[in-house]
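Each chain, letter by letter, is given below.
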Amino acid sequence: MADRLTHIPGVVGVMLGGSRARGEGRADSDWDLGVYYRAPLDLAALGALAGDGVEVAAPGAWGPWVNGGAWLRVGDWAVDWILRDLDRVGRVWRECQEGRYEVGVQAGHPLGFWSPCYPGEVALGRVLADPSGELTALRAATAAYPEPLRHALLDAAWEAEFLMEGAAKGAAGADPLYVSLCLSRALGVLTQSLHAHARRWCLNEKGALATAETLPAAPPGFGPRARALLGSPGATAAELSATVAAARALVAETRAALAADADA
């Protein structure tokens, strides 16, 4: 399939991504194919290859960051085509090398789409078809986590502490939705920082906490404590305030560990 995709005008190469590429897939895991293209992309030819009854979403149809693609069934397998604009991926990679990134609103990404996901997908993926060699070269380049990006994401941990101020106000007003959103965002930011500290690409929210709790800068009990905060924040002002106090302590410990080992 990857070879046939590269014969579509505009397609540059194809990578296997997700858990299958990392050797962590289950028997029922999807096969995620990153279809890297350069405009103009022949969507009609993609649709013909996908077959009857399969809708191919054009770039932008799924949002500003998850460009588009298609969901296929091949025998018993679920196969996802995920379109990636290779020039945009290259631009984001250059920004990451300079310590710049952005977080965009994207359906399916409740903590936002963090732009380093683009080069991270290449670094952690498996090249399946690459006639020009561009994907292979980019994968080799992204194997080394850029130090400027590492320091930028370590610095980003300040937001978790700032969010605790908002959470405290929400707790005083017995507002569980606002408190829960502050908590999840704060823990998500810390998870990104913990991955960056360990020079590991963090692609999205799925499984990120489970990985983060195993990383060197994670304070004792980071995972269980985070799950307790998210699992039962409370409903009354007193309950929410107690949760926020526990969250403050976890945020402070994590930030201290990140700062202490920032140059490790």
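Refer to the structure above for everything that follows.
Report follows, based on the coordinates. (Residues numbered from 1 in each chain as written. Predicted model: local features only at pLDDT ≥ 70, side-chain atom pairs only at ≥ 80, totals over all residues. Heavy atoms only, no water.)

**Description of the packing of helix H4 (residues 86–97) against helix H5 (residues 117–124)**
At a minimum axis distance of 8 Å, the contact between H4 and H5 shows a crossing angle of 100°. When the interaxial angle is binned, H4 and H5 end up roughly perpendicular. The residues of H5 that touch H4, namely those facing Arg88, Val89, Val92, Trp93 and Cys96, are Tyr118, Pro119 and Val122. Taken together, the residues that form the contact of H4 with H5 break down as seven nonpolar, no polar and one charged. (Axes fitted to C-alpha atoms, helices over the stretch in contact; angles between N-to-C directions. Helix = DSSP H or I, 4+ residues; strand = E, 2+ residues; numbered from the N terminus. Parallel < 35°, antiparallel > 145°, perpendicular 65-115°, else oblique. Contact = heavy atoms within 4.5 Å. Nonpolar A, V, L, I, M, F, W, Y, C, P; charged D, E, K, R; others polar.)

**Some remarks on the packing of aromatic side chains**
The full count for this structure, using the stated rule, is nine aromatic pairs. An angle of 45° between the planes, with centres 4.7 Å apart, marks the rings of Tyr145 and Trp201 as tilted. Of this pair, Tyr145 sits in the loop between helix H6 (134–142) and helix H7 (147–155) while Trp201 sits in the loop between helix H9 (176–197) and helix H10 (208–212), and the two are 56 residues apart along the sequence. Residue Tyr145 is classed as buried on the basis of its relative accessible area of 10%. Joined through ring pairs, the aromatic side chains of Trp65, Phe113 and Tyr118 make up one cluster. Looking at Arg88, its charged tip hangs above the ring of Trp65, at a distance of 4.1 Å from the centre. (Phe/Tyr/Trp six-rings, centres within 6.5 Å; stacked < 30°, edge-to-face > 60°. Buried < 20%, exposed > 50% of the residue type's maximum accessible area, 1.4 Å probe, protein only. Lys NZ or Arg CZ within 6 Å of the ring centre and 35° of its normal.)

**Structural notes on the sheet that holds strand E1 (residues 11–17)**
The strand order across the open sheet built from five strands is E3-E4-E2-E1-E7, with neighbouring strands paired in mixed fashion. Both outer strands of the open sheet, strand E3 (69–74) and strand E7 (126–129), are each paired with one neighbouring strand and no more. Between one strand and the next, the sheet's axes are offset by a mean angle of 30°, whatever the strand orientation. Across six bridges, the pairing between E3 and strand E4 (residues 77–85) is antiparallel. Looking at the pairing, Leu72 lines up with Val79 of E4. Packing against the sheet, H4 makes contact with E1, strand E2 (31–37) and E4, and its axis sits at approximately 70° to E4. (Pairing = 2+ DSSP bridges.)

As far as function goes, none of this settles anything; it's purely spatial.
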